Amino acid sequence: MSILHPPEAIRGMTKLEKDAFRVAVDMPVIEIEARDAGVVSRRVRLEPYLIGHKLKPLKNLLDSEKEGKKYLVFHPDEVQKEETKQKILEMIRRELGEEKALNWETLQKDLTFENWDTKSIFKAVLPEGIEYSSYTQTGHIIHCNFADEILPFRYLIAEVLLNKVVNCKTVVQKGNIITNVYRNLDLELLAGEMNYVTEVKETGLRFKMDFSKVYWNSRLSHEHERVSGMFNNQSLVYDACCGIGPFVLPATMKKKPKRVMANDLNPESVHWLKVNIDLNKIKKDKIEVHNIDAKQFIKEKVAADVIRLMKEESTSAETEIENQKKCEIHVVMNLPAYAVNFLPAFRGVLRQHSSELESIPEEKRWKWNVYCYLFAKSHVDVPDIWYEEESRRMCDEKTKWEKSLVVKCHKVRTVSSRKEMFCAQLELPYDFLLAEPLPEEPDAPFEPEEAEEPCSKRKKTEN
Ligand SMILES: C[S@@+](CC[C@H](N)C(=O)[O-])C[C@H]1O[C@@H](n2cnc3c(N)ncnc32)[C@H](O)[C@@H]1O
């Protein structure tokens, strides 16, 4: 444990009282001429020993009470040994000259709430052995996720974050379970202003949203980039659960696909998607937007759109063979708690267009790719490979085809112990798209999605 830590009296504090953080400490210092400060900081390697940035606004160099003098301020943890102190004096003398009178002194300083970083504060406040570090920031909003034993300290933690984290103006707690269909979170304001309209940047694009009404998860930025990077200028991109646009916006801006259609059931998502289309200066006609159920979107909008475009291209004499080859259909369904239930909608989706399809030669029919997000969950500890197998099984159970249509399973992230998020990539053959549809099943219940574990730790099992 460091010599420098907030006073023990604050342990157990549940309401922030900044004054209680004040403590007087003896800082080891060396007084130097103010005019030598530049040489010392440039030429003497003192970084490992100086106080550094951890206790900001306390700095490595402080004014001495004597005219024309400065103190070099050292971290007491780093200069405990006499030999270290000697070594430091020698290092400085080597640059400033042996004749300089250099001595170790102690300078009494008051450290206050301003000096302690969040980690030291939480460590000092929470009962021993309990740690807190799990929060995410979306624009000016910090959202926290608390384990039961930390709940009594949530208001204090929120106040600390509000005071300490750059740009933070609002701290909220997520409702423990996401039950609503739009996957947004029930928010409880813990500190700061009740303003949930915020803006973030992802892959260089601007995303504005009302955080209390739409879904946003910055942890998915890699996945948004991965999938939108798979398209090209001949792609047809259909996002069935588009949210505020993290797949379709970068795809449109960076890959310039032949066609982009975006859909979400939540009118608020659609509203903010349109705001973001404008904000990123994308022409409105580049993305066709819908606000319907994903199944309906697949059956009515996607199928008809693909057939129309494929027919147009197959009859156009100008289409180069090379471009025809690059033409692929990509349907993205990022609603992991439910999207597998949309897979049956693809079976037989082209039957109503079968006569139009007959006029398109097989070699001019475009490949169908579906990116189906899902959660693979286990009740017991299992080897990592189990989650991928479970993802395939979940898709196969829904497509009910003679062979698995899953061509790839990409692990997106670990949500909590025994729960992984996957993106199953399926290739749908035309036999499947023209097959007899399966009898309509009653809608699967919308599973409540438990909040992420504060720290996602998984017990390792043997593979
Ligand atoms: C997990 S979010 C993903 C949003 C976005 N694609 C992203 O990556 O941030 C799932 C989205 O599906 C939408 N949604 C829920 N049920 C739906 C349905 N039946 N049809 C279409 N969209 C739905 C929600 O409103 C939400 O925006």
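Parameters and conventions
Residues numbered from 1 in each chain as written. Predicted model: local features only at pLDDT ≥ 70, side-chain atom pairs only at ≥ 80, totals over all residues. Heavy atoms only, no water. Domains from an automatic or database assignment. Near = heavy atom within 4 Å. Polar contact = N/O pair within 3.5 Å; in protein donor to acceptor, adjacent residues only side chain to side chain. Nonpolar A, V, L, I, M, F, W, Y, C, P; charged D, E, K, R; others polar. Pairing = 2+ DSSP bridges. Helix = DSSP H or I, 4+ residues; strand = E, 2+ residues; numbered from the N terminus. Axes fitted to C-alpha atoms, helices over the stretch in contact; angles between N-to-C directions. Contact = heavy atoms within 4.5 Å. Buried < 20%, exposed > 50% of the residue type's maximum accessible area, 1.4 Å probe, protein only. Phe/Tyr/Trp six-rings, centres within 6.5 Å; stacked < 30°, edge-to-face > 60°. Lys NZ or Arg CZ within 6 Å of the ring centre and 35° of its normal.

When its domains are assigned, the protein chain resolves into domain 1 (25-111), domain 2 (118-195) and domain 3 (217-450). Measuring from the centre of the C-alpha atoms in domain 1 to the corresponding centre in domain 3 gives 61 Å.

Quick look at the site of the ligand now. In the vicinity of the ligand, 22 residues are found, and the nearest of them are His224, Asp264, Asp293, Ala294 and Asn334. A distance of 2.7 Å separates a nitrogen atom of the ligand from a polar side-chain atom of Asp293. The side chain of Asn334 places a nitrogen or oxygen atom 2.8 Å from an oxygen atom of the ligand. Residues of the shell around the ligand, tallied by class, amount to 14 nonpolar, 6 polar and 2 charged.

What follows concerns the sheet that holds strand E14 (residues 288-290). Through backbone hydrogen bonds, the strands of a sheet pair up, either in parallel or in antiparallel fashion. A sheet is described by the order of its strands in space; here 7 strands give the open sequence E14-E13-E12-E15-E16-E18-E17, paired in mixed fashion. The open sheet has two edge strands, E14 and strand E17 (406-416), and neither has a second partner. Pairwise comparison of adjacent strand axes, ignoring direction, gives a mean angle of 15° for this sheet. As defined by bridge partners, strand E13 (residues 259-263) adjoins E14 across 3 bridges and the pair is classed as parallel. Directly across from Asn263, in E14, lies its bridge partner His290. Strand contacts of helix H6 (residues 248-255): strand E12 (236-239) and E13, with the helix running at about 165° to E13, the strand carrying the most contacts. Docked against the sheet, helix H11 (residues 384-399) engages strand E16 (367-377), E17 and strand E18 (419-428), running at close to 120° with respect to E16.

So, on to the side chain of His290. In this fold, His290 is placed in strand E14. On the accessibility criterion, His290 (14% relative accessible area) is buried.

With omega at 10°, the peptide bond leading from Lys56 into Pro57 counts as cis. Following the sequence through the fold, Pro57 ends up in the loop between helix H1 (37-43) and strand E2 (61-63). A positive phi is found at Thr203, a non-glycine position, where the angle reads about 40°. Examined against the element boundaries, Thr203 turns out to sit in the loop between strand E10 (197-202) and strand E11 (205-210). Relative accessible area serves as the criterion here: at 25%, Thr203 is assigned to the partly exposed category.

Looking at the secondary structure, you find Asn115 in the loop between strand E4 (104-111) and helix H3 (118-125). Judged by relative accessible area, which is 8%, Asn115 ranks as buried. For Asn115 and Thr414, which are 299 residues apart along the polypeptide, the C-alpha to C-alpha distance reads 35 Å. Non-local contacts of Asn115, meaning those with residues more than four positions away in its chain, are made with Lys54, Leu55, Lys56, Pro57, Leu58, Asp110 and Lys164. A polar contact is formed between the side chain of Asn115 and the backbone oxygen of Leu55, at a distance of 2.9 Å.

We now examine the packing of aromatic side chains. Following the criterion strictly, the structure yields 10 aromatic pairs and no others. On the basis of an interplanar angle of 80° and a centroid distance of 5.6 Å, the ring pair of Phe122 and Tyr132 is categorised as edge-to-face. You can see Phe122 sitting in helix H3 and its partner Tyr132 sitting in the loop between H3 and strand E5 (135-138), a full 10 residues away along the chain. Exposure class is identical for Phe122 and Tyr132. Each is buried. Centroid distance Tyr338 to Phe342: 5.5 Å. Interplanar angle 65°. Geometry classified as edge-to-face. Each member of the pair, Tyr338 as well as Phe342, carries the same accessibility label: buried. Here the basic side chain of Lys85 rests over the ring of Trp104, its NZ or CZ set 5.4 Å away from the ring centre. One cation-aromatic arrangement involves Arg365 over Tyr430; the distance from NZ or CZ to the ring centre is 5.7 Å.

Attention now goes to the environment of Gln137. Residue placement: Gln137 occurs in strand E5. Spatially, the C-alpha atoms of Gln137 and Ile51 are 28 Å apart, while their sequence positions differ by 86 residues. Filtering out sequence-adjacent residues up to four positions away, Gln137 remains in contact with Ile142, Val165, Val166, Asn167, Cys168 and Ser218. A polar side-chain atom of Gln137 sits 3.3 Å from the main-chain carbonyl oxygen of Val166.

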